[in-house]
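Reading the structure
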Amino acid sequence: MEHSGTTGSVVAERPDALALHVDGREVASYVWSSRLPASTAPRPYLHPVRTLTGTVVTDARPHSHTHQLGISIAAPDIGGRNFWGGRTFVPGHGPAWLDDHGAQQHRRWLRHTESELAHTLNWVDRDGAELLYERREIACNPLSPGAWTLSVRTKLANATDSPLQIRSPAALGRVGAGYGGFFWRGPSRSERVRVLSPAGDGERAVNGTTAEWVAVSGAGQGEWTVVFAPADAVTAADRWFVRSRDYLGVGSSLTWDRPLVLEPGGAIARHILAVVADGTLDSDAAGALAAAARSAP
């Protein structure tokens, strides 16, 4: 048996997934120990994530991209290892299947309540060598009668004795593919999909830009909107990665067309807010929710 943190509660069987609640309603499941193929770059992820009325706004292991896992933190190239899953982009060749996938491993619980959790993780290569040490904090908070806020904080530290490069495919020549960091995979079966932001509307207007918020809305079993916003100035400087044609995805990119280098002992921290709302919201309503989420205690 293991104490789950400062709450004094006990996790008797170390379940693979922990439920998170807002006002007594289950809104998300955090799969903290994913038993997945190495090719997916196994890692913890949130799925399903639901609106307050129960509409699911995430997808995991979809047919077209089986390595995309709900809401997770992932990176396609850390020190030459693939922590994103799927094929690796090779300059001059394109995407290729390589035996270079890493994994994120749960290390220790720091806190776990009905609405929040914190734990530490190791990012290891295929041989088990540690590249990164991470502290991750996730919290679910009520925001309005029809919306709640998911807070995701991460601090990544270089666990090696050498400089560590973090690169996106865009840094290797794949134009527009600046993904890596916080990433949301939206539902595969969605209708009337819209992408909104202060930078403009639609994938082309938003992908690769910085903006105070990005909203995606759609309909499936019910109408829904998810609004993404940086919670601090450092995160606000990161560009948005957005896809809405071949699949629904939004990411806050750690780096775009230039490598991000972590020196030995160096660390970076990011904080993203995702407002999960029932209904299809317009720009004014989405912006108001983003502002409310940032100003909430």
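- For the protein, the name recorded in an unreviewed UniProt entry is PmoA family protein, with Glycomyces mayteni as its organism.

**Observations regarding the overall build of the protein**
- Across its full length, the protein holds 3 helices and 22 strands.
- For 297 residues, the compact-globule estimate of 2.2 N^0.38 gives 19 Å, and the protein sits close to it at 18 Å.
- If you line up the protein on its principal axes, its C-alpha atoms span 50 × 50 × 35 Å.
- Put simply, the protein has 297 residues, and 54% of those count as buried.
- For the protein, contacts bridging at least 24 residues in sequence account for 60% of all contacts bridging at least 6.
- Here the protein has roughly 12,700 Å² of accessible surface; of this, 48% comes from carbon and sulfur atoms.
- Charged side chains in the protein number 29 positive and 30 negative. The centres of these two groups are separated by 3 Å.

**Side note on the confidence of the model for the protein**
- Within the protein, residue pLDDT values average 93, and 95% of them lie at 70 or more.
- Confidence drops under a pLDDT of 50 for residues 1-14, and excluding neighbours within four residues, the segment shows 26 contacts in the predicted structure.

**Let's talk about the side chain of Ser217**
- Locating Ser217 in the fold gives a position in strand 17 (residues 214-219).
- Contacts of Ser217, omitting those with residues within four sequence positions, involve Arg192, Val193, Arg194, Trp224, Thr225 and Thr280.

**Describing the pairing of strand 5 (residues 45-49)**
- For strand 5, a buried count of 4 out of 5 residues is recorded, marking the element as mostly surrounded by other parts of the structure.
- In this sheet, strand 5 lies alongside strand 4 (residues 25-31) in antiparallel orientation, the contact comprising 3 bridges. Counterpart to Ala28 in the pairing with strand 5 is Val49.

**Details of the packing of aromatic side chains**
- Under the counting rule described, the total for this entry stands at 9 aromatic pairs.
- For the pair Phe83 and Trp123, a centre-to-centre distance of 5.3 Å together with 45° between the ring planes defines the contact as tilted. On the criterion of sequence distance, the pair formed by Phe83 in strand 7 (residues 81-83) and Trp123 in strand 11 (residues 116-124) is long-range, its members being 40 residues apart. Neither residue differs from the other here; Phe83 and Trp123 are each classed as buried.
- Plain terms: the ring middles of Trp184 and Trp224 are 6.0 Å apart, the flat faces sit at 65° to each other, and that makes the pair edge-to-face.

**Thoughts on empty space enclosed by the protein**
- As enumerated under the stated definition, the model contains 2 cavities of 30 Å³ or more in all.
- Quantified by volume, the largest cavity comes out at close to 90 Å³.
- As for the largest cavity, its lining consists of Ile73, Val152, Thr154, Gly181, Phe182, Thr235, Asp238, Ser252, Leu254, Arg270, His271 and Ile272.
- When residues in the lining of the largest cavity are grouped by element, the largest group, 3 residues, is from strand 22 (residues 267-278).
- Classifying every residue of the lining of the largest cavity by side-chain character gives 5 nonpolar, 5 polar and 2 charged.
- Empty space within the second largest cavity amounts to approximately 50 Å³.
- As for the second largest cavity, its lining consists of Tyr30, Pro44, Tyr45, Leu46, Ile71, Ser72, Ile73, Arg136, Ile138 and Val152.
- Those elements that provide at least two residues to the lining of the second largest cavity are strand 5, strand 6 (71-78) and strand 12 (130-144).
- For the lining of the second largest cavity, the element with the highest residue contribution is strand 6, accounting for 3 residues.
- Among the residues making up the lining of the second largest cavity, the classes are represented as 8 nonpolar, 1 polar and 1 charged.

Reading guide: rules and limits
- Residues numbered from 1 in each chain as written.
- Predicted model: local features only at pLDDT ≥ 70, side-chain atom pairs only at ≥ 80, totals over all residues.
- Heavy atoms only, no water.
- Helix = DSSP H or I, 4+ residues; strand = E, 2+ residues; numbered from the N terminus.
- Rg over C-alpha atoms; globule rule 2.2 N^0.38 Å.
- Buried < 20%, exposed > 50% of the residue type's maximum accessible area, 1.4 Å probe, protein only.
- Contact = heavy atoms within 4.5 Å.
- Areas by Shrake-Rupley, 256 points an atom, 1.4 Å probe, with all protein chains shown as cover.
- Lys, Arg positive; Asp, Glu negative; His and termini not counted.
- Charge placed at Lys NZ, Arg CZ, Asp CG, Glu CD.
- pLDDT = per-residue confidence, 0-100.
- Pairing = 2+ DSSP bridges.
- Phe/Tyr/Trp six-rings, centres within 6.5 Å; stacked < 30°, edge-to-face > 60°.
- 1 Å grid on protein atoms, 1.4 Å probe; cavity = no way out; pocket = protein on both sides within 12 Å on 5 of 7 lines; lining within 4 Å.
- Points joined across faces, edges and corners; volume = space filled by probe spheres on them.
- Nonpolar A, V, L, I, M, F, W, Y, C, P; charged D, E, K, R; others polar.

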